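Each chain, written out:
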Amino acid sequence: MQPIVQPGMQPVATTFFFYFLSGLTLLSGVFVVTRKNPVHSALALILGLLAQAGLYLMLYAPFVAGVQIILYAGGIMVLFLFVIMLVNIERSQKEEQFNKQWLVGFLAAVALGALFVLVYVKGKTLFPYRIAQPIENSNTQQIGVMLYGQYMFAFEIASLLLLVAIIGAVVMAKKRI
Amino acid sequence: MLNYITSYLSSDTTPGQAGNVFWAFVYIMVVFGGVSVAVMAMNWLERKALAHFQIRLGPMRVGPHGLLQPIADAIKLLTKEDIVPDKADKFVFWIAPLIILCASFTVYIVVPFGPTHAITDLNIGILFMLGVSSLSVLGVVMAGWASNSHYPLIGALRSSAQMVSYEVAMGMAVVSAVLMTSLHGLGPYGVGAGTSGTGTLSMIGIVQAQQEQHVWFLFKFFPLGFIAFGIFAIAMVAETNRAPFDLPEAESELTAGFHTEYSGLRWSLFMLGEYAAMIAVSSIAVTLWLGGWFRPFPNTLTGPTWDLVFSLFPGLSFLALAVIAFVGVARMPKHPYFRVQTIGLAGFGAVLGLIGLILFAPPVRDRIQDIFWFVAKVAGFMYLYIWYRATFPRYRFDQLMKVGWKVLLPIGIGVLILTAILGVLL
Amino acid sequence: MAPIGTLHYLVTAAALFILGVIGVLTRRNVVIILMSIELILNAVNLNLVAFSRLWGLHGQVFAIFVITDAAAEAAVGLGILIAFFRNKETVNVDEVDLLKW
């Protein structure tokens, strides 16, 4: 599979929108990790998910952006907010927020980051700058054809997984089985 | 620069597709203003219609027949004291109405008022509308939680559970309508090969598929399209927390539910978001099942004479409204106290008549067709909302959830499977 | 400024991944740990979709599967959290030590 490379012009606004959206995503990530109140973390995560949907739109993936907004921001985060409301106790916000091994964890993450930087610096030639614009009008149709053709088995397995997850979550959260 | 502005006027796509930021901005302002005016008009119409359903008169004093009542309400709400509960989380308390407002108004980007009269035509139009309107659940949950009081919390939990449940039924109905866009054949049962049969999620594409198949999807595979429309019509009333599914915000049950602790401008933002969401889901229903912006019978009653007859409808409807206003003027009491109101109503009737006459002029007449029919159909749905509120008793919460999961969802899945089977066979 | 290429998206995804890892390793509140896991999954998704612009739609299809799995995992994880909270009344992950002697 060779990447398709063609010379092409980039619209001016793309740079601005990329930096704006990715900055918003990273900023919301920082807020998720550092806020004391879990509701504020959830709000920040919602903002990050919506900014990421914008990034998907810039990558010519409108269907994945739509799925992200419906499922992630509109479904999973509602579930998170429900559970936060159920288990939110004032006492937990007055305790120490970061655990005892925070320095070791931070250093491990920094080491991982150094590994990423090394990989990207060494492999810079693998990612060409100018790439063809994929066709956006039939993105949903093409994904549909691929989902129900090539990835049919994975699709059925995913639906089975969701069924198991529903039954498991209901059983675990019930008061009396 | 001027070339940039005028170059769009000769194109035949939406501003979003043409990439024209200026005209997209103009369209956004027009739609925003239109929806705000529609919300105020809806407020007045609801109070008057509910009153007449209950054999009373409704607001009569503020303007002639209460026409200035929404403005008085807006001024009252804007000047009320802004009360924030003491232990409430200030940031979440502030942002909850904004989330509902933004989610309800962002949906209007893809609402098609005509073949090129939309702000943009996304490839994933209907998916975008469903997704963004599901973000208002987050605002409801946060409003209830941030108020730090148990009535709003229970109301918010109930309201969000109800909205999430009926979103699933809405999704099933929408998918069966989207399935119908990929069919060939003309007429309700798809005889003959008339169309190319490409399925599409874009709003304008769905309406054009209805036009190519010569039938509203309401009547497609009768009664399947009708049942799907019925499921969507019931689910959209539950989705917007309106009667008979308004237990979470009913005054007699829960002291106004999740927006109990909000006062003044913040409460009016909730109301604005709720009405805007009502208009948005009604426009989804109109686009998917009722043929969008097309006049009745665009394929069977064709020809310049029929086009002329149907193009007179906008002007005639405004003239009818003007006649009703003048009848109201004639019935006003002949007392000096009512002089200002009589003059006001006569002026209002004159303005309506003038708009009606303008809509008879040929250049305006041709361009206003699509927008008029779309808005007329959505207005019909708005009246149905008020009718439901006046007529039906409230559902109890467990009955509500039972209807959503055990009645609407199985019927929706059944309709989807039958539509798919019929689509393959026919 | 250089035009926005694939590398920009990959660096954003890597930064998001590291933020998620920091969240998982250093926070004590179980709900925030679960949200950091969602951050990690989102970073992976961004990586997949960025590459799918070069090499076909397979990345986007896989990203949809990842979102589906994230939903299932969040549901089950939060169910476990609720069951645990009912027994011990705490959301501190240091106190999830029922199997320790």
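Each remark here, short or long, concerns the structure printed above.
This write-up is about the structure you can find in this document. (Residues numbered from 1 in each chain as written. Chains lettered and ligands numbered in written order. Predicted model: local features only at pLDDT ≥ 70, side-chain atom pairs only at ≥ 80, totals over all residues. Heavy atoms only, no water.)

**A word on the environment of B:Gly356**
All names here are of chain B.
Consideration 1: Within the secondary structure, Gly356 is located in helix H15 (residues 339–358).
Consideration 2: With a relative accessible area of 0%, Gly356 lands in the buried category.
Consideration 3: Each C-alpha atom of the pair Gly356 and Ala322 lies 8.3 Å from the other, and the pair is 34 residues apart in sequence.
Consideration 4: Once you skip the residues sitting within four places of it in the chain, Gly356 turns out to touch Gly315, Phe318 and Leu319. (Helix = DSSP H or I, 4+ residues; strand = E, 2+ residues; numbered from the N terminus. Buried < 20%, exposed > 50% of the residue type's maximum accessible area, 1.4 Å probe, protein only. Contact = heavy atoms within 4.5 Å.)

**Things to note about the interface of chain B and chain A**
Interface size is commonly expressed as the accessible surface area that is lost when the partners come together.
Consideration 1: Taken together, the contact between chain B and chain A spans 27 residues of the former and 26 residues of the latter.
Consideration 2: Of the roughly 2,000 Å² buried where chain B meets chain A, counting both sides, 78% is carbon and sulfur surface.
Consideration 3: Its largest share of buried area at the contact with chain A, chain B owes to B:Asn123, B:Leu138 and B:Trp145, together 29% of the area lost on that side.
Consideration 4: Linking chain B to chain A there are three residue pairs in polar contact (both at pLDDT 80 or more).
Consideration 5: At the level of elements, helix H5 (90–106), helix H6 (125–133), helix H7 (136–146) and helix H8 (150–180) of chain B are the ones that each hand at least two residues to the side of chain B that touches chain A.
Consideration 6: Looking at the side of chain B that touches chain A, its residues break down into 19 nonpolar, seven polar and one charged. (Buried area = accessible area lost by both parts, 1.4 Å probe. Polar contact = N/O pair within 3.5 Å; in protein donor to acceptor, adjacent residues only side chain to side chain. Nonpolar A, V, L, I, M, F, W, Y, C, P; charged D, E, K, R; others polar.)

**Re the arrangement of the chains**
Consideration 1: By number of contacts, the leading pair among the two pairs of chains in contact is chains A and C.
Consideration 2: There is a clear gap between chain B and chain C: no contact, and 14 Å between their nearest C-alpha atoms.

**Thoughts on the interface of chain C and chain A**
Consideration 1: Tallying the contact residues gives 74 residues for chain C and 86 residues for chain A.
Consideration 2: Between chain C and chain A the total buried area reaches about 7,400 Å² when both faces are included, carbon and sulfur atoms providing 75% of it.
Consideration 3: Contact with chain A buries surface across chain C, with C:Arg27, C:Met35 and C:Arg53 losing the most and accounting together for 9% of the total.
Consideration 4: Taken together, the connections running from chain C to chain A amount to zero salt bridges.
Consideration 5: Inspection of the chain C/chain A interface yields eleven residue pairs in polar contact (both at pLDDT 80 or more).
Consideration 6: Contributions of two or more residues to the side of chain C that touches chain A are made by helix H1 (6–26), helix H2 (30–55) and helix H3 (58–88) of chain C. (Salt bridge = Lys/Arg side-chain N within 4 Å of Asp/Glu carboxyl O.)

By themselves, these are just geometric observations and shouldn't be taken as functional.
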